[in-house]
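Examination of the molecular architecture
Below are the chains, spelled out letter by letter.
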Amino acid sequence: MDAYTVGVFTNIGLLSFLGLSAYVLLITGELSFGQQAFFGVGAYAAGVGTAMFGLPLVVATAAAMASGALAALVVGLPTLRLRGLYFAMATLAAAEMFRILFELLHWQRDVGGERVGPDGTQGFRGIRWVFEQGIEAAGFLIVVYGVLALLVAALVFVERSRLGATLRAVGEDPEQAASLGIDILRLKLGVVAAAGAVAGLGGALYAHHTTYVEPRNFDIMLGVHGLAYALIGGLGTALGPLLGVVLDIGLLEGSRLFAGYRMIVFGGLVALLLVIRPRGILDERIVHGWRHRAWRPR
Amino acid sequence: MLVDLAQNTLDGLGAGASYAVLALGFTLVFGVLRVVNLAYGPAIMLGAYAATWTSLHVRPGLATLAAITVAGSVVAGAYVERLCFAPHRATGLRPGAAVAAMVASFAVWMQFEEAATLALPNHLYTFPSLTTAAPLPLGPLALRVETLVSLAVAAAICALLWWLLYRARFGIAVRAVTERPTAAALTGIDPAWVSVRVFALASAVGGAAGFLVATTHGQVTPHLGMWTTLKGLLAMMIGGLGSLPGAIAGGVLLGVLEAHSQWYLGPQARDLVAYLLLFSLLALRPRGLLPARHTG
């Protein structure tokens, strides 16, 4: 694979985390415009870990996931009683506040005679752990997809369990779910934290891929893209968001088809697709069909 | 000290007037369709781009430019309505139709941004300024002509909307559909046709606001689309979703608050304060300052 292809595939992998983060919330019936903030929190936290304090990537990534979950809980606690658009707007406002706080964040320390750390709007340079370890782009690609595969497997496992059924029940009809004795608030707090951790994980890997992050990377555009990936790919399975990213980045940008008109073509296709399949390509009905086919004796 | 306070309030009122008009357009669509149109701002941006393109080739007067901005916004808005909202209205009872329509409007936003940069590839274009006249002295204060015009236009639009919605036959249909869609349909009102006309009206109102913003700032960039959507959403949500008086109050409050926080705390704090206000309001008083009487 040449460097360009590796780059495209790495981007597909990294954006998938954001799509999955939005997906986890969507199946529970919550729409978030703010997952990009936790992606950003993860990116900054992991960068602080490896570049400023010399921690190994695994430890820094764990810290990034914890920070993402914590930040999501801080946003989620006062807003979870909101529904639909109100929750979406609250997450949007919160995410923009995080972005502005990144712009105001100046925290640097000397590492090997160099000032390293977040420098406000100038961003956070020199997150070079992967490079310093001698890991090549193709190697990091394998790391990204390894982590992504583990995450998707975990999500598929959860969705086939009792917890998965509970999540979808809450997403379909929260009142009815509550009447069945499901503690909705506790469940949703858990989901919000998990979605924050997933976004933080993606952000940590993203920062180590680009080696440089700046606050405006984490603006509303990124968040709405994550949301769109989940909805285009489909809400039936955790593979849906991945399909959404592949369609956007892989098919259109990667193939350099429609160069210069990519967004016009893609935007139109998405709008039309959502008319035919409002819950995405791999929606619940299709996925349900797969399962039954798998069980039916031939 | 006191002069600064008054001067900022005055400048904030000018900005707030355009925010209020933006929020009015937003909330009109939401009231009838119960859907957020993310492409609202980008459609206005496209209208402003059409006017900019015209001003680069011929040198029309400001009134012509305003008309082109409004007409461009309406055409772009009609496209959004046909592609993103009309098909989903048919399936309106299916859960998730509103979300699908909203994401579709985001997809169209992407189209608009690319279309704008294809037509005018530079990052920034100057937009003809409203006036080069010096601010009018008002005691110790300076009243910018733009502020005066923005306030006058906003007041005229409010009066027109009030007449349309509360005195004209069209308004009765709109309010009926907003309050009880099913009952409205049973009395022979065609909700689809009402939605189309409300969409056109909202786009025209938004286009007027877009012209005010572009001529006050004296420039347009593709970023205008996102800016317009965000300011409109903020003002609408602060005032109360679906409430017309709320949209005006939210817009004015946002404008004045931004002017003060920019003056005392700087530009980053200005945005931070605006989002903090929205976040706290949603957490404490989710239905906004002046909530709509009827909930969907």
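Details of the overall build of chain A
Counting its regular elements, chain A contains 13 helices and two strands. Computed over its C-alpha atoms, the radius of gyration of chain A comes to 19 Å, within 12% of the 19 Å expected for a compact globule of 298 residues. Relative to its 298 residues, chain A shows a buried fraction of 50%. When contacts within chain A are restricted to residue pairs at least 6 apart in sequence, those whose partners lie at least 24 apart make up 77%.

A closer look at the nonpolar core
Core analysis: the biggest nonpolar cluster contains 197 residues, and Ala20(B), Leu24(B), Val103(B), Ala104(B) and Leu278(B) have the highest contact counts within it. Considering every element that reaches this core, the biggest residue donor is helix H4 (residues 97-119) of chain B, with 16 residues.

What to know about unusual backbone geometry
Look at Thr211(A): it is not a glycine, yet its phi comes out positive at around 65°. By the element assignment, Thr211(A) lies in the loop between helix H9 (184-210) and helix H10 (220-233).

Regarding the confidence of the model for chain B
Residues with a pLDDT of 70 or more make up 97% of chain B, whose mean pLDDT is 89. When the elements of chain B are averaged for pLDDT, strand E2 (residues 136-138) of chain B gives the smallest value, 84, and helix H2 (residues 40-57) of chain B the largest, 95.

Examining H4(B)
Every α-helix winds through 3.6 residues per turn, so residues three or four apart in the chain are directed the same way. Here H4(B) spans 33 Å end to end across 23 residues, near enough to the 33 Å set by a 1.5 Å rise per residue. Of all 23 residues that make up H4(B), 19 are buried, and the element is covered over most of its length.

Looking at the interface of chain B and chain A
With 33 residues of chain B at the interface, the matching set in chain A holds 31 residues. For the side of chain B that touches chain A, the secondary-structure elements that each account for two or more residues are helix H3 (62-90), H4, helix H9 (224-239) and helix H11 (267-284) of chain B. Counting residues per element, the side of chain B that touches chain A draws most heavily on H4(B), at 14 residues. Per-class residue counts for the side of chain B that touches chain A are 25 nonpolar, four polar and four charged.

Describing the packing of helix H1 (residues 2-33) of chain B against helix H8 (residues 191-217) of chain B
Residues and elements named next belong to chain B. Between H1 and H8, whose axes approach to 8 Å, the crossing angle comes to 165°. It follows from the interaxial angle that H1 and H8 lie roughly antiparallel. For the element pair H1 and H8, the recorded crossing hand is left-handed. Counting all contacts with H1, which are made through Ser18, Val21, Leu22, Leu24, Gly25, Leu28, Val29, Val32 and Leu33, the residues of H8 involved are Val194, Ser195, Val198, Phe199, Leu201, Ala202, Val205, Gly206, Ala208, Ala209, Leu212 and Val213. The residue inventory of the contact of H1 with H8, partitioned by class, reads 17 nonpolar, four polar and no charged.

Cut-offs used in this document
Residues numbered from 1 in each chain as written. Chains lettered and ligands numbered in written order. Predicted model: local features only at pLDDT ≥ 70, side-chain atom pairs only at ≥ 80, totals over all residues. Helix = DSSP H or I, 4+ residues; strand = E, 2+ residues; numbered from the N terminus. Rg over C-alpha atoms; globule rule 2.2 N^0.38 Å. Buried ≥ 20, exposed ≤ 12 C-beta atoms within 10 Å, placed from the backbone. Contact = placed C-beta atoms within 7 Å. Core = buried A, V, L, I, M, F, W, Y, C linked by C-beta atoms within 7 Å. pLDDT = per-residue confidence, 0-100. Expected span 1.5 Å × (residues − 1). Nonpolar A, V, L, I, M, F, W, Y, C, P; charged D, E, K, R; others polar. Axes fitted to C-alpha atoms, helices over the stretch in contact; angles between N-to-C directions. Parallel < 35°, antiparallel > 145°, perpendicular 65-115°, else oblique. Left-handed = near helix turned anticlockwise from the far one by under 90°.

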